[in-house]
Amino acid sequence: MSEGPSTPRYPTADEEASWTAAAAALDEFLAAFRQRDGDAMGTAQTRMLAVPIDWDACLNAIRVPGDAGEWSADLEAMLRRIPDGWGRWIRVGPGWYPIVVALDRKLAALFPDYRLLQVKEKFGGLRYYWERGEGQSDDASAAAGKQLVELAEALAARTCEMCGRPGALTERQRWFITLCAPCAENLGYSPAADDS
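Residues numbered from 1 in each chain as written. Predicted model: local features only at pLDDT ≥ 70, side-chain atom pairs only at ≥ 80, totals over all residues. Heavy atoms only, no water.

> Please explain the overall build of the protein chain as it appears in this structure.
Broken down by element type, the protein chain carries 7 helices and 6 strands. Mapped from its N terminus to its C terminus, the protein chain presents α and β elements in the order α-α-α-α-β-α-β-β-α-β-β-α-β. With the principal axes as the frame, the protein chain shows a C-alpha extent of 60 × 45 × 30 Å. In the protein chain, which comprises 196 residues, the proportion classed as buried is 38%. Distance between charge centres in the protein chain, computed from 21 positive and 29 negative side chains, equals 3 Å. (Helix = DSSP H or I, 4+ residues; strand = E, 2+ residues; numbered from the N terminus. Buried < 20%, exposed > 50% of the residue type's maximum accessible area, 1.4 Å probe, protein only. Lys, Arg positive; Asp, Glu negative; His and termini not counted. Charge placed at Lys NZ, Arg CZ, Asp CG, Glu CD.)

Right, here's the structure in full:
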């Protein structure tokens, strides 16, 4: 990784083309793997390895989700909080964008220099990893920040990740996601079994 923070930037056209080519070769590799076609796997692997990728640029470039719409500027501001080397991605669906944007605003009010480490979905729930900025050590504020994250995660657990309507945990072949009934039906998910 590079030394010291860089200024976050958007990927260049050449970088996007390389990443798209690598992703296409990976898709071919996975299709060949599912078909148990060793020759096709070898060909796809060779193609993947031949694509020139600057991994630091890949991790550190800003990628506002294509479906961000009205949330684009807010999500970009969040991505700019992520330090070099962590990967500047928002890995949740559009139904949760209002939740994470509201959380970011509240945390920024408490900790203007806070660092965002990851925003993602895991096991159907929102995960928001962050840390206070330099010199911000007030324990009461830290507890308030932790509570804000817990409240946002609880809200996401009742919100469809795809559309933002009320939702519940669903599953398909042990893959979990929080969805409303129409989105679950469209995507082939069923209500998750209660394991308690």
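> Before we go on, may I ask you to explain the nonpolar core in this structure?
Side chains that are nonpolar tend, in soluble globular proteins, to be buried together. Among the nonpolar cores identified, the biggest contains 26 residues, and Leu75, Met78, Ile90, Tyr114, Val119, Leu126 and Tyr128 are the most heavily contacted of them. Per-element accounting of this core gives the leading share, 7 residues, to helix H5 (residues 97–110). Look past the residues within four positions of valine 119 in its chain and what remains in contact with it is Met78, Trp89, Ile90, Arg91, Val92, Val100, Leu126, Arg127 and Tyr128. Ranked by size, the runner-up nonpolar core spans 7 residues in total, among them Cys160, Ile177, Cys183 and Tyr189. (Core = buried A, V, L, I, M, F, W, Y, C linked by side-chain atoms within 4.5 Å. Contact = heavy atoms within 4.5 Å.)

> Explanation requested: the sheet that holds strand S4 (residues 168–172) in the structure shown.
The strand order across the open sheet formed by 3 strands is S5-S4-S6, and the pairing between neighbours is antiparallel. Every interior strand has two partners, whereas the edge strands, strand S5 (175–179) and strand S6 (190–191), have only one. Pairing analysis gives 2 bridges linking S4 to S6, with the strands arranged antiparallel. Opposite glutamate 171, over in S6, you have serine 190 as the bridge partner. (Pairing = 2+ DSSP bridges.)

> Which parts of the structure should I look at to understand the pairing of strand S2 (residues 115–122)?
Each regular strand shows side chains that alternate between the opposite faces of the sheet. Here 2 bridges tie strand S1 (residues 90–91) to S2, and the two strands are oriented parallel to one another. Paired with isoleucine 90 across the bridge in S2 is valine 119. Across 7 bridges, the pairing between S2 and strand S3 (residues 125–131) is antiparallel. Looking at S3, one finds that arginine 115 is bridged to glutamate 131.

> Any chance you could explain unusual backbone geometry here in plain terms?
With the exception of glycine, the majority of residues adopt a negative phi angle, and the majority of peptide bonds are in the trans configuration. One non-glycine residue with positive phi stands out, namely arginine 36, at about 55°. By secondary structure assignment, the location of arginine 36 is in the loop between helix H1 (13–34) and helix H2 (38–50). Judged by relative accessible area, arginine 36 falls into the exposed class, the value being 76%. Located in the positive-phi region is glutamine 173, a residue other than glycine, with phi close to 50°. Here glutamine 173 shows up in the loop between S4 and S5. Among the residues examined, glutamine 173 registers a relative accessible area of 72% and is labelled exposed.

> Hey, could you run me through helix H6 (residues 139–156) in this one?
Residue pairs spaced three or four apart in an α-helix point in one direction, given the helix's 3.6 residues per turn. When the terminal C-alpha atoms of H6 are compared, their 26 Å separation across 18 residues agrees well with the 26 Å that a helix rising 1.5 Å per residue should span. On its buried face, H6 sits against H5, S3 and S5. (Expected span 1.5 Å × (residues − 1).)

> Explanation requested: H5 in the structure shown.
Helix length check: H5 (14 residues) gives 20 Å between terminal C-alpha atoms against 20 Å at 1.5 Å per residue, within 8%. Those residues of H5 that fall on the buried side of the exposure criterion are Tyr97, Ile99, Val100, Val101, Leu103, Asp104, Leu107 and Ala108. Each element contacted by the buried residues of H5 is listed here: helix H4 (72–80), S1, S2, S3 and H6.

> Got a minute to help me understand the sheet that holds S2 in this structure?
Sheet strands pair via backbone hydrogen bonds, and the direction of the pair is either parallel or antiparallel. The strand order across the open sheet formed by 3 strands is S1-S2-S3, and the pairing between neighbours is mixed. Edge positions in the sheet fall to S1 and S3, since each has one partner strand and no second. Strand contacts of H5: S1, S2 and S3, with the helix running at about 25° to S3, the strand carrying the most contacts. (Axes fitted to C-alpha atoms, helices over the stretch in contact; angles between N-to-C directions.)

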